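# Working through the structure, step by step
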Amino acid sequence: MHTFFIIPTGFGVGLTSTSLGLVRALEYGGLKTGFYKPVAQQHPDSHGPEYSTELISRTLGLAPPAPLALAAVEHLLGEGQMDDLMEDIVRRFQQAAEGYDVMVVEGMVPTRYVGYASRINTQLASSLDADIILVSSAEDDALPAIVDRIEIQVQFLGGARNPRLLGVILNKIRSDHPGDFFEQLKSHSALFRQPGFQILGCVPWEDSLNALRMTDVVAQLQAHAINAGESEKRRVQDIILFASAAPNSVALLRPGVLVVTPGDRNDIIMAASLAVLNGVPLAGLLLCSDFPPDPRVLELCKGALAKGLPVYTVATNSYNTASNLQRMNREIPLDDHERAEHITNFVASHIRQDLLVKRCGEPQEQRLAPPAFRYRLVKQAQEANRRIVLPEGCEPRTMQAATICQERGIARCVLLAKPDAVKTVADARGITLPEGLEIIDPEKVRRKYVAAMVELRKHKGINEPMALAQLEDNVVLGTMMLATNEVDGLVSGAINTTANTIRPALQLIKTAPGFKLVSSVFFMLLPEQVVVYGDCAVNPNPTAEELADIALQSAASAQALGIEPRVAMLSYSTGDSGSGQEVEKVREATRLAHLARPDLLIDGPLQYDAAVIASIGQQKAPGSLVAGRATVLIFPDLNTGNTTYKAVQRSANIVSIGPMLQGLRKPVNDLSRGASVEDIVYTIALTAVQAASQR
């Protein structure tokens, strides 16, 4: 499924009209196309359903979900919950996109009240892994101003080299020769000479597209009817305030003109009526200044009224009436299906459908953005419905994470702790424990696992007193619950060391069939995408064979969580540029991994910058299918891996989920002792997904 995200370069560019035309153009190209607007932005005078979503629904017969209310979005932004906002939008998008070949997503419009629109649009485009199409207007502005607005927006989105930035649709072009306009753009800005940035549509100005029905004008001005006539049919192509004497105004009485004049200007009223009787289909007659027309004059004009001339009155004077008419909302009314269809087809006919359909058929390198990763992880965990034990049951962050997981259905959590102690901590921290959250007192269950533990450890000479003593440790107790299939996974480490979490698992759970060692990965939620780091927690100095196993385990873990594995074996040199024992180890590990999985994209040795930055990758490792595009990064030893993950996590202020242990028969996962509540929630979700996949 492909996604086009359309972003306006300013206010009033015709964004919704472009959405209509873009959906129709893609449908003409044979693609089943859906629509989604993530954030509602209502016109100040509108109090009904969100405009774009409702208009698309009525015109194109789609059923997009309701967008988030602007007030709710601003509340989340004010609370610093951008990640939560993006995750919710991704969830709604995934539901809306089901069954479609391509989705058109409409971005936010920058206004004086919504100065953060560009920031949100940038985040949304990344979170949805979408191709970006700018929409700009060439209505009345000078060419330099048009170009400046486009170039500013391009810079917000990472510059013209951003491979997901396709180009711009230019709207409302007042030119008889669009080709000349393009040439002017090219001569004025280097942006339009870049091969990757294309003009995807050129929609000329068309007066008829902006013609409101007379009923729309009446509704906005709250005018009173003298003769409704054909108000539903007649469209206002032009509005003229008649101030001159009738003979001097005759030339202005043209088809589609709304005649605005004071109610006591009997000469203008009669002139307009004569024009109608002579076959000129005026849009209507609007009488202002609260002067009622003379009944004798109306009697003379009854022939024009019978021909459908709409006549209305307003209380405002000529100046205020003209001002009110100027400020009218000219958006397509939701019930004006005729105009909506006209605009949809007109815009669609001026969009480069061939380029966009071709783009949908091209293979795209998928990036899994953090919100999409979190959404997918939570959804998979909810579907898995696994029971996860938390040995650090009285630790406040763990309690809060368990509460969230229970409420959201992420996992059925089990807190190992005395219930009274849990309640005391919850009351002190203001945590409301949800109904159904399971709390097990270790003192009451410890003895039931003694026999099973003696059996599992009999080769080490463990007897009952020794087993009971070891079971005093809640991590050991939780691991025995996992070993006896009473729970599906274990998460610990908020107060315990990594060794305390892993050692019981190695002793009691053991490695899974086909695995020689246990390793770990972190899922690093970088701003643009999620990448996998391994091994950063378990193996201090792996051999080449072990490093190859870590690479294969990490690639499998990435793939299970929706990340396309492109594995970079990291070193301090790239390719054949360096030598030495450590580089040779990485080179041999790469060779062994290739032999085991020839289908896997894996390359090494690569330096970190050559692995993740496209331009450096092309320079240092030309021809590599991994360099500059790596999603799984394998460090040569624990010292390098652990230092790097913590440096990236803390310096960039990102969420890192893990370490997730690989190679065990059942999932046991460790936490950093500095883990946040959010880190713990996602580690629990990860454990639930692992448990489901291992079953």
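Calculation criteria
Starting afresh in each chain, residues are numbered from 1 along the sequence in its written order. Whole-chain, interface and lining totals are the exception, using all residues; otherwise, since this is a predicted model, local features are given only for residues with pLDDT of at least 70 and side-chain atom pairs are given and counted only at 80 or more. Working from all heavy atoms in the structure, the side-chain values ignore hydrogens and water. A simple rule labels every residue: compare its accessible area, found with a 1.4 Å probe on the protein chains alone, to the largest value its type can have, and call it buried under 20%, exposed over 50%, or partly exposed in between. Here a strand is any run of E in DSSP of at least two residues, a helix any run of H or I of at least four, and the numbering for each starts at the N terminus. Paired strands, in this sense, are two strands between which DSSP finds at least two bridges. UniProt positions are given in the numbering used here, feature names are shortened, and annotations may be inferred rather than shown by experiment. Per the annotation, domain bounds derive from an automatic or database assignment of domains. Any two residues whose heavy atoms approach within 4.5 Å are treated as being in contact. We define buried area as the total accessible area lost by two parts upon association, computed with a 1.4 Å probe and summed across both. Each reported salt bridge corresponds to a side-chain nitrogen of Lys or Arg within 4 Å of a carboxyl oxygen of Asp or Glu. Any N or O atom pair separated by 3.5 Å or less is treated as a polar contact, with the protein-specific requirement of one donor-capable and one acceptor-capable atom, and with residues adjacent in sequence counted only for side-chain atom pairs. Put simply, a nonpolar core is a bunch of buried Ala, Val, Leu, Ile, Met, Phe, Trp, Tyr and Cys residues held in one set by side-chain atoms that sit within 4.5 Å of each other. Every axis corresponds to a line fitted to the C-alpha atoms, with the helix fit spanning only the stretch in contact, and the corresponding angles, defined between N-to-C directions, vary from 0 to 180 degrees. Pairing of aromatic rings covers Phe, Tyr and Trp, the last through its six-membered ring, and needs centres within 6.5 Å; plane angles under 30 degrees mean stacked, over 60 mean edge-to-face, and all others mean tilted. Each ring is checked for a lysine NZ or an arginine CZ that lies within 6 Å of its centre and within 35 degrees of its normal; such an atom marks a charge sitting over the ring.

The element strand 1 (residues 2–8) is largely enclosed, with a buried count of seven among its seven residues. Residues H2, F4, I6 and P8 of strand 1 are buried on one face, and the alternating residues T3, F5 and I7, pointing to the opposite face, are buried as well. Alignment of strand 1 against strand 3 (residues 102–106), held across five bridges, turns out to be parallel. When the bridges of strand 3 are listed, I6 appears paired with E106.

Turning our attention to the UniProt feature "domain: DRTGG" (unreviewed entry) in the protein. The UniProt feature table records "domain: DRTGG" (unreviewed entry) at residues 216–328. With 37% helix and 21% strand, residues 216–328 has end C-alpha atoms that lie 9 Å from one another.

A few words now on the domain arrangement of the protein. Accessible area lost upon the coming together of the parts is a frequently used measure of interface size. Annotation of the protein at the domain level lists domain 1 (2–207 + 338–361), domain 2 (213–329), domain 3 (369–510 + 677–687) and domain 4 (515–663). Centre-to-centre separation of domain 1 and domain 3, based on C-alpha positions: 47 Å. If you look at the interface, domain 1 gives eight residues, while domain 3 gives nine residues. Of the roughly 750 Å² buried at the junction of domain 1 and domain 3 (both faces included), carbon and sulfur atoms supply 55%. The interface formed by domain 1 and domain 3 includes three salt bridges. With its nearest N and O atoms 3.5 Å apart, the salt bridge here joins E87 to R374. In this assembly, domain 1 and domain 3 are joined by three residue pairs in polar contact (both at pLDDT 80 or more). Every element with two or more residues in the side of domain 1 that touches domain 3 is listed here: helix 4 (82–97) and helix 5 (117–127). Tallying contributions element by element places helix 4 first for the side of domain 1 that touches domain 3, with six residues.

What follows concerns the side chain of S554. Inspection of the secondary structure puts S554 in helix 24 (residues 544–560). Sequence-distant contacts of S554, defined by excluding residues within four places in its chain, comprise V521, V532, G534, V632, I634 and Q662.

One finds L134, I150, F373, F523 and I684 to be the most contacted residues of the largest nonpolar core, which totals 109 residues. Per-element accounting of this core gives the leading share, nine residues, to helix 29 (residues 677–694). Apart from the residues within four sequence positions on either side, F523 is in contact with F373, V530, V531, V532, S557, L561, I563, V655, S656, I657, M660 and L686. Judged by nonpolar contacts, the second largest core, of 35 residues, contains L60, V104, L200 and A348.

Pairing in this open sheet of six strands is parallel, and the strands run 2-3-1-4-5-6 from one edge to the other. The strands lining the two open edges of the sheet, one partner per strand, are strand 2 (33–36) and strand 6 (198–204). Neighbouring strand axes in the sheet, compared pairwise and without regard to direction, differ in orientation by 20° on average. Two strands pair when backbone bridges link them, and strand 5 (residues 165–173) and strand 6 are joined in this way by five bridges, in the parallel orientation. If you follow L170 over to strand 6, its bridge partner there is C202. The strands touched by helix 4 are strand 1, strand 2 and strand 3; relative to strand 3, the strand with the most contacts, the crossing angle is about 140°. Packing against the sheet, helix 6 (residues 143–156) makes contact with strand 1, strand 4 (131–137) and strand 5, and its axis sits at approximately 155° to strand 4.

Spatial ordering of the open sheet is given by 8-13-12-11-10, a layout of five strands whose pairing is mixed. Two strands close off the open sheet at either side, each with one partner strand: strand 8 (224–227) and strand 10 (238–241). Here the average twist between neighbouring strands, direction ignored, is 25°. In the sheet, strand 8 pairs with strand 13 (residues 311–313) via three bridges, with the strands oriented antiparallel. From the neighbouring strand, H224 faces strand 13, where its bridge partner is T313.

Counted residue by residue, helix 5 has eight buried out of eleven residues, so it is predominantly covered. Of the positions making up helix 5, those classed as buried are A117, S118, I120, N121, L124, A125, S126 and S127. Where helix 5 is buried, its residues contact strand 1, helix 3 (70–78), helix 4, strand 4, helix 6 and helix 16 (370–384). Immediately downstream of helix 5, the backbone of D129 shows phi near 50°, a positive value.

Our focus in this paragraph is the packing of aromatic side chains. Under the defined criterion, the tally for this structure stands at five aromatic pairs. Look at Y533 and F635: their rings are 5.1 Å apart centre to centre, the planes differ by 75°, and that puts the pair in the edge-to-face class. Separated by 102 residues along the polypeptide, Y533 in strand 19 (residues 530–534) and F635 in the loop between strand 22 (632–634) and helix 28 (638–652) bring together distant segments of the chain. No difference in accessibility class separates Y533 from F635, as the two residues are buried. Here the aromatic residues Y533, Y608 and F635 are joined through ring pairs into a cluster of three or more. One residue, K32, lies across the ring of Y100, its end atom 5.5 Å from the ring centre.

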